[in-house]
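Okay, here's what each chain looks like letter by letter:
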Amino acid sequence: MGPIAGPGRRARRTAMAEINVTPLVDVMLVLLIIFMVTAPLLVTGVPVDLPESKAGALDQEQEPVQITLDAQGSIFIGEEQVDPNQLATRLGRIAQSATEEGGPRIFLRADSTLDYGRVMQVMGELNQVGLRKVALVSTQGSDTP
């Protein structure tokens, strides 16, 4: 007498046709967390100790021009250091290349240890060349005085 062919015997011989997606989901969640943690670290350019402010964050549509004053008073446009004597020329080129009135949005980042007059000199240069959309960047401060 031969072996009995039943439903249980046939099920053992067929290959499983389902894909197990649980390991894929686990890997994707780990990658998502890694990118969420590292993305803010990739944006920072010149390291500056920004002052605190209670003002909220600004909505931005276009990529702004970042002007940075570090603790030594060096001026950077983006991540490129600029000679203070050449600042007006560089800002004039930025103003001339603008397509909208008032020029592109300027984010002015200044170290909190800098003299107020030094920041005002740079703001005066911005105003003189016609760049009117200037925002001062700070970190979010606490609500306690």
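Residues numbered from 1 in each chain as written. Predicted model: local features only at pLDDT ≥ 70, side-chain atom pairs only at ≥ 80, totals over all residues. Heavy atoms only, no water.

A. Quick look at the overall build of the protein. Helix and strand content of the protein: four helices and seven strands. Counting the 145 residues in the protein, one finds 25% classified as buried. Taken as a whole, the protein presents about 11100 Å² of accessible surface, with 57% of it coming from carbon and sulfur. (Helix = DSSP H or I, 4+ residues; strand = E, 2+ residues; numbered from the N terminus. Buried < 20%, exposed > 50% of the residue type's maximum accessible area, 1.4 Å probe, protein only. Areas by Shrake-Rupley, 256 points an atom, 1.4 Å probe, with all protein chains shown as cover.)

B. Up close: the pairing of strand S2 (residues 65–69). Of all five residues that make up S2, four are buried, and the element is covered over most of its length. Pairing of S2 with strand S5 (residues 106–110) involves five bridges; the strand directions are parallel. Bridged to Ile-67 within S5 is Leu-108. Where S2 folds back on strand S3 (residues 75–77), the antiparallel hairpin that results is connected by five residues, among which Gly-73 adopts a positive phi of roughly 90 degrees. (Pairing = 2+ DSSP bridges.)

C. Structural context of the nonpolar core. Counting residues in each nonpolar core, the largest one holds 18 residues, and the members touching the most others are Ile-67, Leu-69, Ile-77, Leu-91, Val-122, Leu-126 and Leu-131. Looking at this core, the elements that each hand over two or more residues are S2, S3, helix H3 (87–96), S5 and helix H4 (116–128). When sequence neighbours within four positions are dropped, the list of residues in contact with Leu-91 reads Ile-67, Ile-77, Glu-125, Leu-126, Val-129 and Leu-131. (Core = buried A, V, L, I, M, F, W, Y, C linked by side-chain atoms within 4.5 Å. Contact = heavy atoms within 4.5 Å.)

D. Fine view of the confidence of the model for the protein. On average, residues of the protein score 76 in pLDDT, and 77% of them are at 70 or above. Within the protein, the element-level pLDDT minimum falls on helix H1 (residues 7–13), averaging 56, and the maximum on helix H2 (residues 22–43), averaging 87. (pLDDT = per-residue confidence, 0-100.)

E. View of H4. Compared with an ideal rise of 1.5 Å per residue, which puts 13 residues at 18 Å, H4 spans 18 Å between its outermost C-alpha atoms and is within 8% of the ideal. Those residues of H4 that sit buried are Val-119, Val-122 and Leu-126. What you see down the axis of H4 is that its buried residues fit within an arc of 65 degrees, all on one side. Turned more than 90 degrees away from the buried face of H4 sit Tyr-116 and Gln-128, all of them exposed. Gly-130 sits one or two positions beyond H4 and adopts a positive phi of about 95 degrees. (Expected span 1.5 Å × (residues − 1). Arc of directions from axis to C-beta.)

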